[in-house]
Amino acid sequence: MDFRHELVLPNDDLPFKLFVFEGTDGSYKVSKHWHRSIEIFLVLEGSMDFYINSQKHVLEKGKFILVNSNEVHSIECPKPNFTLVLQIPRGLFEKYLGDADSLLFRRSCDKDAQMAVLIRRMHEAYESEKPERLFGILSDFFQLMYLLAADYRILEVDEERKKQNMQLDRLSHITNYIQVNYREDLTLEGVARIFGFSPAYLSRMFQKYAGINYKTYVLELRTEAGYRLLMNTSMPVGEIALECGFPDSRSFAKSFRRRYGMPPAEYRKRSRLAQ
């Protein structure tokens with residue numbers, strides 16, 4: 001399969017990440033997740049379906065969407081697309097704007113076109129590889145930060161939102177652990193014990209603040225990992241299943257079919273025939 005180069009701005013050069021979304025070839029899904037970074041998706045070609053707290057947003061060419069820190073979101077890309085993703089650590093705002101738990105931005109405003117131009121220009125500048133490009137990128141980035149603070153920021157944030165932010169911050173430590181150890185036996189009881197919670201309390205946290213139950217979260221994470229190995233390697237399906245934490249190929253195939261509409265072996269075959 002012909003994969004586009006994924007542009008990632010290195011952390012040691014710049015205080016953010018800008019990269020090409022990996023689902024460029026379509027037939028791609030990203031399960032529910034959240035993180036502390038503010039994230040902007042700008043579609044340059046094609047389209048994608050974006051879900052934030054289960055609300056659907058259709059992104060078409062030239063449109064972007066802003067995802068706040070700790071907002072639960074997922075993505076479906078049935079068709080090919082070319083999308084830039086900008087991730088801004090929440091800490092960059094805290095120093096100047098104060099309490100991070102009350103930091104909230106609008107999804108769009110009358111400055112959307114200007115924001116899209118800045119993101120495209122940052123991407124184009126970095127690809128140029130000119131030695132002075134970092135100065136231009138930083139200039140555009142801080143202009144973008146100014147627009148977020150001045151035109152997109154919501155000043156009044158209710159207490160429920162702040163509480164949800166705090167709980168998802170706590171959950172982030174747990175999901176980071178799961179993302180590193182998804183190949184292992186990750187029972188609810190075992191993970192709850194590691195973090196000092198009761199299984200019932202951890203289960204309620206996932207359901208209430210992430211909108212997904214613990215077992216489904218782990219299963220979707222493993223299925224995504226399996227998809228990447230299926231598309232990027234020649235590993236047999238059985239080996240992929242075990243590598244991704246499934247007990248056997250049957251359980252992997254069941255989860256994969258539910259998510260992608262067909263068994264993994266058939267999906268791989270069709271994808272390669274379409275090249």
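Residues numbered from 1 in each chain as written. Predicted model: local features only at pLDDT ≥ 70, side-chain atom pairs only at ≥ 80, totals over all residues. Heavy atoms only, no water.

(A) Up close: the packing of aromatic side chains. Scanning all chains against the criterion turns up 20 aromatic pairs. Judged by centre distance (6.3 Å) and plane angle (70°), the ring pair of tryptophan 34 and phenylalanine 206 falls under edge-to-face. Note that tryptophan 34 is positioned in the loop between β2 (28-33) and β3 (38-52) and phenylalanine 206 in helix α6 (residues 199-210), a separation of 172 residues in sequence. On the basis of relative accessibility, which here comes to 5%, the residue tryptophan 34 falls in the buried class. One aromatic cluster in this structure is built from Phe21, Tyr28, Phe41, Phe50, Tyr227, Phe246, Phe252, Phe256, Tyr260 and Tyr267. (Phe/Tyr/Trp six-rings, centres within 6.5 Å; stacked < 30°, edge-to-face > 60°. Helix = DSSP H or I, 4+ residues; strand = E, 2+ residues; numbered from the N terminus. Buried < 20%, exposed > 50% of the residue type's maximum accessible area, 1.4 Å probe, protein only.)

(B) Structural detail: the packing of helix α7 (residues 214-232) against helix α10 (residues 264-273). Two numbers describe how α7 lies on α10: the axes approach to 10 Å, and their chain directions differ by 45°. Relative to α10, the element α7 lies oblique. As for how α7 packs across α10, the hand of that crossing is right-handed. Two secondary-structure elements touch here, α7 through Tyr227, Leu229, Leu230 and Met231 and α10 through Pro264, Tyr267, Arg268, Ser271 and Arg272. (Axes fitted to C-alpha atoms, helices over the stretch in contact; angles between N-to-C directions. Parallel < 35°, antiparallel > 145°, perpendicular 65-115°, else oblique. Left-handed = near helix turned anticlockwise from the far one by under 90°. Contact = heavy atoms within 4.5 Å.)

(C) The arrangement of the confidence of the model for the chain in detail. Residues with a pLDDT of 70 or more make up 94% of the chain, whose mean pLDDT is 89. For the chain, helix α1 (residues 91-97) is the element with the lowest average pLDDT, namely 84, and helix α5 (residues 188-194) is the one with the highest, namely 97. Confidence drops under pLDDT 50 across residues 1-6; counting only partners more than four residues distant or on other chains, this segment forms 15 contacts. (pLDDT = per-residue confidence, 0-100.)

(D) Main features of the pairing of strand β5 (residues 64-67). Side-chain alternation along β5 places Phe64 and Leu66 on one buried face and Ile65 and Val67 on a second face that is also buried. As judged from the four bridges shared by β3 and β5, these two strands associate in the antiparallel manner. For phenylalanine 41, the partnering residue across the bridge sits in β5 and is isoleucine 65. (Pairing = 2+ DSSP bridges.)

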